[in-house]
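Architecture and fold: a report
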Amino acid sequence: MSNDFVEEMNERIRAQRTQRQRDQGAYGELFNEVARILYQHDFMSLATIGCPVDEYDPETRTIVPRLHEAASPDELATIIEEEFVRWFGAQPSGSQEWFAKVARDVWSAWERYAAQ
(Lines give C-alpha, C1' and ligand atoms only; values in the text may rest on other atoms or scores of the structure.)
Protein backbone atom coordinates (compact mmCIF):
# COMPACT_ATOMS: atom_id res chain seq x y z
CA MET A 1 0.00 0.00 0.00
CA SER A 2 1.19 3.47 -0.78
CA ASN A 3 1.81 6.03 1.93
CA ASP A 4 -0.80 8.30 0.32
CA PHE A 5 -3.46 5.62 0.66
CA VAL A 6 -2.56 4.92 4.29
CA GLU A 7 -2.57 8.62 5.12
CA GLU A 8 -5.94 9.09 3.39
CA MET A 9 -7.44 6.20 5.36
CA ASN A 10 -6.02 7.56 8.62
CA GLU A 11 -7.53 10.97 7.85
CA ARG A 12 -10.93 9.39 7.16
CA ILE A 13 -10.79 7.52 10.47
CA ARG A 14 -9.87 10.73 12.33
CA ALA A 15 -12.74 12.58 10.62
CA GLN A 16 -15.22 9.83 11.52
CA ARG A 17 -14.11 9.88 15.16
CA THR A 18 -14.45 13.67 15.27
CA GLN A 19 -17.95 13.46 13.77
CA ARG A 20 -18.97 10.78 16.28
CA GLN A 21 -17.74 12.97 19.14
CA ARG A 22 -19.81 15.89 17.82
CA ASP A 23 -22.88 13.66 17.51
CA GLN A 24 -22.39 12.34 21.02
CA GLY A 25 -22.06 15.89 22.28
CA ALA A 26 -25.28 16.96 20.59
CA TYR A 27 -27.39 13.93 21.53
CA GLY A 28 -25.51 12.36 24.40
CA GLU A 29 -26.04 8.70 25.09
CA LEU A 30 -29.13 8.64 22.83
CA PHE A 31 -26.89 8.70 19.75
CA ASN A 32 -24.86 5.74 21.03
CA GLU A 33 -28.00 3.82 21.97
CA VAL A 34 -29.65 4.28 18.55
CA ALA A 35 -26.41 3.33 16.76
CA ARG A 36 -26.15 0.22 18.95
CA ILE A 37 -29.76 -0.73 18.19
CA LEU A 38 -29.21 -0.39 14.44
CA TYR A 39 -26.01 -2.44 14.65
CA GLN A 40 -27.72 -5.07 16.78
CA HIS A 41 -30.62 -5.45 14.33
CA ASP A 42 -28.13 -5.24 11.42
CA PHE A 43 -30.43 -4.53 8.46
CA MET A 44 -27.64 -4.71 5.88
CA SER A 45 -25.73 -7.59 7.57
CA LEU A 46 -22.76 -5.31 8.17
CA ALA A 47 -22.12 -6.64 11.68
CA THR A 48 -22.37 -10.16 10.32
CA ILE A 49 -19.45 -9.56 7.97
CA GLY A 50 -17.37 -7.95 10.71
CA CYS A 51 -17.86 -4.23 10.07
CA PRO A 52 -17.08 -1.99 13.05
CA VAL A 53 -19.78 -0.91 15.49
CA ASP A 54 -19.85 2.62 14.09
CA GLU A 55 -20.95 1.34 10.68
CA TYR A 56 -24.52 2.61 11.15
CA ASP A 57 -23.44 6.05 12.41
CA PRO A 58 -24.43 7.85 9.17
CA GLU A 59 -27.96 6.47 9.39
CA THR A 60 -28.08 7.26 13.11
CA ARG A 61 -27.05 10.83 12.27
CA THR A 62 -30.15 11.25 10.11
CA ILE A 63 -32.60 9.32 12.30
CA VAL A 64 -31.89 10.88 15.70
CA PRO A 65 -32.66 14.49 14.67
CA ARG A 66 -36.03 13.28 13.34
CA LEU A 67 -37.15 11.46 16.49
CA HIS A 68 -39.24 14.44 17.58
CA GLU A 69 -41.31 14.06 14.39
CA ALA A 70 -42.70 10.72 15.57
CA ALA A 71 -45.72 10.49 17.85
CA SER A 72 -45.64 6.69 18.03
CA PRO A 73 -43.45 3.68 17.25
CA ASP A 74 -45.40 3.23 13.99
CA GLU A 75 -44.52 6.74 12.86
CA LEU A 76 -40.93 6.15 13.92
CA ALA A 77 -40.83 2.98 11.80
CA THR A 78 -41.79 5.10 8.80
CA ILE A 79 -38.98 7.57 9.55
CA ILE A 80 -36.43 4.78 9.93
CA GLU A 81 -37.62 3.21 6.70
CA GLU A 82 -37.32 6.54 4.86
CA GLU A 83 -33.77 6.99 6.09
CA PHE A 84 -32.70 3.45 5.21
CA VAL A 85 -34.21 3.77 1.74
CA ARG A 86 -32.36 7.06 1.35
CA TRP A 87 -29.06 5.49 2.41
CA PHE A 88 -29.36 2.04 0.84
CA GLY A 89 -32.00 2.29 -1.89
CA ALA A 90 -34.93 -0.10 -2.14
CA GLN A 91 -35.47 -2.33 0.86
CA PRO A 92 -35.81 -6.10 0.69
CA SER A 93 -39.22 -7.71 0.98
CA GLY A 94 -40.31 -8.42 4.52
CA SER A 95 -38.45 -5.41 5.85
CA GLN A 96 -41.60 -3.80 7.31
CA GLU A 97 -41.37 -6.17 10.26
CA TRP A 98 -37.70 -5.26 10.70
CA PHE A 99 -38.48 -1.53 10.72
CA ALA A 100 -41.25 -2.10 13.29
CA LYS A 101 -38.90 -4.04 15.61
CA VAL A 102 -36.17 -1.43 15.35
CA ALA A 103 -38.67 1.37 15.88
CA ARG A 104 -39.94 -0.22 19.09
CA ASP A 105 -36.39 -0.42 20.47
CA VAL A 106 -35.47 3.09 19.34
CA TRP A 107 -38.77 4.40 20.74
CA SER A 108 -37.91 2.92 24.15
CA ALA A 109 -34.49 4.59 24.05
CA TRP A 110 -36.10 7.87 22.99
CA GLU A 111 -38.60 7.71 25.86
CA ARG A 112 -35.78 7.06 28.38
CA TYR A 113 -33.78 9.97 26.95
CA ALA A 114 -36.80 12.33 26.98
CA ALA A 115 -37.59 11.42 30.59
CA GLN A 116 -34.17 12.62 31.79
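Preceding this paragraph is the structure being described.
**Here's the deal with the overall build of the chain**
- A count of helical and extended segments in the chain gives five helices and zero strands.
- What you see in the chain, going N to C, is helices and strands ordered as α-α-α-α-α.
- Relative to its 116 residues, the chain shows a buried fraction of 35%.
- If you take every contact in the chain between residues at least 6 apart in sequence, the share linking residues at least 24 apart comes to 58%.
- Taken as a whole, the chain presents about 7,100 Å² of accessible surface, with 52% of it coming from carbon and sulfur.

**Section: the side chain of Glu-83**
- Looking at the element boundaries, Glu-83 is found in helix 4 (residues 73-88).
- With a relative accessible area of 6%, Glu-83 lands in the buried category.
- Looking at Glu-83, its side chain comes within polar contact range of the side chain of Thr-62, at 3.0 Å.

**Considerations on the pattern of salt bridges**
- Summed over the entire model, instances satisfying the criterion amount to seven salt bridges.
- Between Arg-66 and Glu-82 there is a salt bridge, with the nearest N and O atoms lying 2.8 Å from each other. With Arg-66 in the loop between helix 3 (57-63) and helix 4 and Glu-82 in helix 4, this pair connects stretches of sequence that are 16 residues apart.
- Residues Arg-66 and Glu-83 are paired through a salt bridge, measuring 2.8 Å at the closest nitrogen-oxygen approach.

Here is what the cut-offs are and how they apply
Residues numbered from 1 in each chain as written. Predicted model: local features only at pLDDT ≥ 70, side-chain atom pairs only at ≥ 80, totals over all residues. Heavy atoms only, no water. Helix = DSSP H or I, 4+ residues; strand = E, 2+ residues; numbered from the N terminus. Buried < 20%, exposed > 50% of the residue type's maximum accessible area, 1.4 Å probe, protein only. Contact = heavy atoms within 4.5 Å. Areas by Shrake-Rupley, 256 points an atom, 1.4 Å probe, with all protein chains shown as cover. Polar contact = N/O pair within 3.5 Å; in protein donor to acceptor, adjacent residues only side chain to side chain. Salt bridge = Lys/Arg side-chain N within 4 Å of Asp/Glu carboxyl O.

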